[in-house]
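So you can see what is in the structure, the chains are spelled out below.
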Amino acid sequence: MDGFDLNSSEKADASELQRMIAIEQQKAQFQAQVHNFTDVCWDKCMEGSPSSKMDSRTETCLVNCVDQLCFIL
């Protein structure tokens, strides 16, 4: 905010806005990572067309895949 004198209330508002933006950026990064995990693990574990029920082998594969990806991070 170059060239502007901000009073303490305006500075507090600007600081709060920056904090809220940072939180939203972190949420977006988290959601992008979840989306990435979903894509990677879905492609690795799902065979054929999905049915209404997931078999235990596929479920185990998905759980292990996500665990491995989380461990890498």
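The protein chain goes by Mitochondrial import inner membrane translocase subunit in an unreviewed UniProt entry, where it is assigned to Oncorhynchus mykiss. The UniProt entry for the protein chain carries this comment under Subunit (unreviewed entry): "Heterohexamer."

Where do I start with the environment of Glu 47 in this structure?
The residue Glu 47 is located in the loop between α1 (8-45) and α2 (56-72) in this model. Distance from Glu 47 to Leu 62, taken between C-alpha atoms, is 12 Å for residues 15 residues apart in sequence. Polar contacts involving the side chain of Glu 47 include one to the side chain of Arg 57, which spans 3.1 Å.

Please clarify how the layout of surface pockets should be interpreted in this entry.
Unfilled space is identified by rolling a water-sized probe across the atoms. In this structure, the largest pocket occupies an estimated 160 Å³ of space. Across the lining of the largest pocket, the residue classes break down as 3 nonpolar, 3 polar and 4 charged.

Help me understand α1 in this model?
Taking 1.5 Å of rise per residue, 38 residues should cover 56 Å, and α1 covers 55 Å from first to last C-alpha, within 8% of that figure. Among the residues of α1, those classed as buried are Ala 14, Phe 37, Cys 41 and Cys 45. Between a side-chain oxygen at the N-terminus of α1 and the backbone nitrogen of Ser 9 the separation is 3.0 Å; the capping residue is Asn 7.

What am I meant to see in α2 here?
Note on helix geometry: an α-helix contains 3.6 residues per turn, so any two residues three or four positions apart are oriented the same way. For α2, spanning 17 residues, the distance from its first C-alpha to its last is 24 Å, which sits close to the expected 24 Å at 1.5 Å a residue. Buried within α2 are the following residues: Thr 58, Leu 62, Cys 65 and Leu 69. Along α2, the residues classed as buried sweep out an arc of 65° about the axis, all on the same side. The outward face of α2, more than 90 degrees from its buried face, is lined by the exposed residues Ser 56, Arg 57 and Phe 71.

Can you help me understand the nonpolar core in this one?
With 6 residues, the main nonpolar core is built from Phe 37, Cys 41, Cys 45, Leu 62, Cys 65 and Leu 69. At the level of secondary structure, the elements contributing two or more residues to this core comprise α1 and α2.

For this particular structure, what's the right way to read the state of the cysteines?
As used here, a disulfide is simply a covalent bond connecting the sulfur atoms of two cysteines. All told, the structure shown has 2 disulfides when counted by the stated rule. Between the sulfur atoms of Cys 41 and its disulfide partner Cys 65 the distance amounts to 2.1 Å. Because the sign of the S-S torsion sets the handedness, a value of about -85° for the bond joining Cys 41 and Cys 65 places this disulfide among the left-handed ones. Of this pair, Cys 41 sits in helix α1 while Cys 65 is found in helix α2, placing the two residues 24 residues apart along the sequence. In this structure, Cys 41 and Cys 65 share a single accessibility class: buried. In this model Cys 45 forms its disulfide with Cys 61; the gap between the sulfur atoms is 2.0 Å.

Calculation notes
Residues numbered from 1 in each chain as written. Predicted model: local features only at pLDDT ≥ 70, side-chain atom pairs only at ≥ 80, totals over all residues. Heavy atoms only, no water. UniProt positions renumbered as here; feature names shortened; annotations may be inferred. Helix = DSSP H or I, 4+ residues; strand = E, 2+ residues; numbered from the N terminus. Polar contact = N/O pair within 3.5 Å; in protein donor to acceptor, adjacent residues only side chain to side chain. 1 Å grid on protein atoms, 1.4 Å probe; cavity = no way out; pocket = protein on both sides within 12 Å on 5 of 7 lines; lining within 4 Å. Points joined across faces, edges and corners; volume = space filled by probe spheres on them. Nonpolar A, V, L, I, M, F, W, Y, C, P; charged D, E, K, R; others polar. Expected span 1.5 Å × (residues − 1). Buried < 20%, exposed > 50% of the residue type's maximum accessible area, 1.4 Å probe, protein only. Arc of directions from axis to C-beta. Core = buried A, V, L, I, M, F, W, Y, C linked by side-chain atoms within 4.5 Å. Disulfide = S-S within 2.5 Å.

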